[in-house]
Amino acid sequence: MNLGEAINGAVAQPVRRRTPASARPALDSRLMEPVGPVPFNRIFLTGEERSSLASVCEGGNVATDGRASARAIEVLKSRLGLRHVLLTPSCTLALEAMPRVLGIGYGDEVIMPSFTFCSTANAFLLAGATPVFVDVRPDTLTMDEEAIEAAITPKTKAICVVHYAGVCSDLDRIVEIAARHGIPMVEDAAQGVGAYYKDRPLGGIGDLGAYSFHHTKNLVAGEGGALTINNPALDDLACNYRDKGTNRRQFFRGQVDKYTWVSPGSSLAMSEIVAAYLAPQLEAMDLITALRGAAYNYYAQGLRRLARKGWLTLPTIPSYARSNYHIFHIMLESQETRDRLLDFLRACNVQATTHFVPLHSAPMGVAHCRTAGALPVTENSANCMLRLPLFADISRGEQDKVVEAIRTFFLG
């Protein structure tokens, strides 16, 4: 689908093969026609990606730090008000830069939620630090602000918040805790591009932030990420690490006569080819967020009756947050109910899915990390959550099929 079609609402649906009637479960026909299988995710194309890629290929520079990268960075800065952005090959690599820039290493500890992807913990574990897991809030599934203080020790060198589903915790509260203890707060904003805490962009509040442009995210480049530097004191450290440990940035700014190896580092620059695909996606940020928001609200409206009956719990967006609508999830009363509903939806050709296995229960978490207290919300969320298909050009027919299937499961 191109940008014009999205704006005008003329969304052409791809051709789908129908499952033979003999192979379909005996379900209400409303679940089957006229919509085919509903995927969990579908890439949204603005219509500008091809020409953007062509301009890079024809221009001769497909390496790094060219016009496409500058274009993508400018959009991030102008749309979100970010002060300094480095494009990276992935969000994982942006996260891995954080402990190196902050000087976190062996013997240190970093507080984070267990309800996150392993990249969050790996970033600090690879630097020699110990991830310390705390519980999440039941409403946002983001770090429980009240659990942080008890997890802080003399070894604590950072608090890493994770913005789940495009919403966040009370970041003013967490920033205050971090400042009082003299430790930085950093943001895993992989799911938070284009979302806000009050009037500030997620990823632009902590000392450092990390974005993801993986193909499962709202804005995609196949793979890709960004490191945001919100503390000016970290600018040179971040750039040196990104440029293989050299002071290349200072050289190009005329601050040194030649650049040389000055610190540990890695190769963290995004390819121009990836940046060329990403730039049109970023330019369509407002449209993509609006389309996802409309779909999010349509689900909420369609499932509100079941929520009022107590069959399921709908997601929450706090009053201080402006979401980017990355995920729409429902919470069921038990794991058994969640698993039965998941099987039912799959039988209806609806690709719903669960989410994280809590890191504190994973083999690496048990062996190499520390848990600060019990994590009942984390464990219950992992057992009882179900994520529904949500993408920018999901049709009303596809959403109706999902909602009707869930209603049929509960009400018959």
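Here the structure is shown first, and the text comes after it.
Summary of the structure given here.

Criteria and cut-off values
Residues numbered from 1 in each chain as written. Predicted model: local features only at pLDDT ≥ 70, side-chain atom pairs only at ≥ 80, totals over all residues. Heavy atoms only, no water. Helix = DSSP H or I, 4+ residues; strand = E, 2+ residues; numbered from the N terminus. Expected span 1.5 Å × (residues − 1). Buried < 20%, exposed > 50% of the residue type's maximum accessible area, 1.4 Å probe, protein only. Contact = heavy atoms within 4.5 Å. Polar contact = N/O pair within 3.5 Å; in protein donor to acceptor, adjacent residues only side chain to side chain. 1 Å grid on protein atoms, 1.4 Å probe; cavity = no way out; pocket = protein on both sides within 12 Å on 5 of 7 lines; lining within 4 Å. Points joined across faces, edges and corners; volume = space filled by probe spheres on them. Nonpolar A, V, L, I, M, F, W, Y, C, P; charged D, E, K, R; others polar. Core = buried A, V, L, I, M, F, W, Y, C linked by side-chain atoms within 4.5 Å. Salt bridge = Lys/Arg side-chain N within 4 Å of Asp/Glu carboxyl O. Phe/Tyr/Trp six-rings, centres within 6.5 Å; stacked < 30°, edge-to-face > 60°. Lys NZ or Arg CZ within 6 Å of the ring centre and 35° of its normal.

Moving on to helix α4 (residues 91–102). Over its 12 residues, α4 extends 17 Å from the first C-alpha to the last, a length consistent with the 16 Å expected when each residue adds 1.5 Å. Regarding α4, the residues found buried are Cys91, Ala94, Leu95, Glu96, Ala97, Met98, Pro99 and Val101. As for α4, its buried residues are in contact with β1 (85–88), α5 (118–125), β5 (185–188), β8 (208–212), β9 (225–229) and α8 (235–242). The N-cap of α4, judged by a side-chain oxygen 3.4 Å from the amide nitrogen of threonine 92 a few residues on, is serine 90. Once α4 finishes, glycine 103 follows within two positions and takes phi at roughly 75 degrees, a positive value.

Size it by volume and the largest pocket reaches roughly 540 Å³. Gln191, Ser212, His214, Thr216 and Lys217 are, among the 28 residues lining the largest pocket, the residues nearest its centre. Elements that contribute at least two residues to the lining of the largest pocket include exactly α4, α5 and β14 (385–388). Here the element with the most residues in the lining of the largest pocket is α4; it accounts for three residues. A breakdown of the residues in the lining of the largest pocket according to their chemical character gives 10 nonpolar, 13 polar and five charged. Computed from the structure, the second largest pocket encloses a volume of approximately 410 Å³. Lining the second largest pocket are 20 residues, and of these Asp65, Ile73, Val85, Leu86 and Arg242 sit closest to its centre. Secondary-structure elements contributing two or more residues to the lining of the second largest pocket are α3 (67–80), β1, α8 and α9 (248–252). Broken down by element, the residue count for the lining of the second largest pocket peaks at five residues, all from α3. In terms of residue class, the lining of the second largest pocket is built from nine nonpolar, three polar and eight charged.

Looking now at the side chain of serine 323. Positionally, serine 323 belongs in the loop between β11 (321–322) and β12 (328–332). For serine 323, the side chain forms a polar contact with the main-chain nitrogen of tyrosine 325, separated by 2.8 Å. Setting aside its immediate chain neighbours within four residues, serine 323 contacts Ala165, Gly166, Val167, Ala195, Thr289 and Ile317.

Once that is clear, we can look at the nonpolar core. Counting residues in hydrophobic clusters, the biggest one holds 32 residues, and the most contacted among them are Leu303, Phe328, Ile330, Leu341, Leu345, Leu388 and Ile406. For this core, the elements supplying multiple residues, two or more each, are α11 (285–308), β12, α12 (335–347), β14 and α15 (396–411). Excluding anything up to four places from it in sequence, isoleucine 406 contacts Leu303, Leu306, Leu312, Ile330, Leu341, Leu345 and Leu388. Listed in part, the 31 residues of the second largest apolar core include Ala97, Phe124, Ala129 and Leu234.

The residue tyrosine 325 is not glycine, and still its phi comes out positive at about 60 degrees. Structurally, the position occupied by tyrosine 325 is in the loop between β11 and β12. Phi at asparagine 349 takes a positive value of approximately 65 degrees, unusual for a residue other than glycine. The exposure class assigned to asparagine 349 is partly exposed, which follows from its relative accessible area of 22%.

The subject of this paragraph is the pattern of salt bridges. Summed over the entire model, instances satisfying the criterion amount to 21 salt bridges. We note a salt bridge from aspartate 65 to arginine 242, for which the minimum N-O separation is 2.4 Å. Here aspartate 65, found in the loop between α2 (49–59) and α3, pairs with arginine 242, found in helix α8; they are 177 residues apart in sequence, far enough to count as distant. What makes aspartate 65 partly exposed here is its relative accessible area of 37%. For arginine 242, a relative accessible area of 11% corresponds to the buried category. Note that aspartate 139 and arginine 137 form a salt bridge whose closest N and O atoms lie 2.8 Å from each other. Through salt bridges with shared partners, one network takes in Glu146, Glu149, Arg173, Glu176 and Arg180.

Before going further, it helps to examine the packing of aromatic side chains. For the coordinates displayed, the defined rule picks out 12 aromatic pairs. With a centroid separation of 5.7 Å and an interplanar angle of 55 degrees, the aromatic rings of phenylalanine 344 and phenylalanine 409 are classed as tilted. One end of the pair, phenylalanine 344, is in helix α12; the other, phenylalanine 409, is in helix α15, and 65 residues separate them in sequence. We classify phenylalanine 344 as buried; its relative accessible area is 18%. The buried category is assigned to phenylalanine 409, whose relative accessible area is 17%. When the centroid spacing of 5.0 Å and the interplanar angle of 85 degrees are considered together, the rings of phenylalanine 409 and phenylalanine 410 count as edge-to-face. Owing to a relative accessible area of 13%, phenylalanine 410 belongs among the buried residues under this scheme. An aromatic cluster is built from Tyr296, Tyr299, Tyr325 and Phe328, whose rings are joined through pairwise contacts. Positioned above the aromatic ring of tyrosine 196 is the side chain of arginine 322, whose terminal nitrogen or guanidinium carbon lies 4.0 Å from the ring centre. Note that arginine 396 overlies the ring of tyrosine 298, its terminal NZ or CZ placed 4.2 Å from the centroid.

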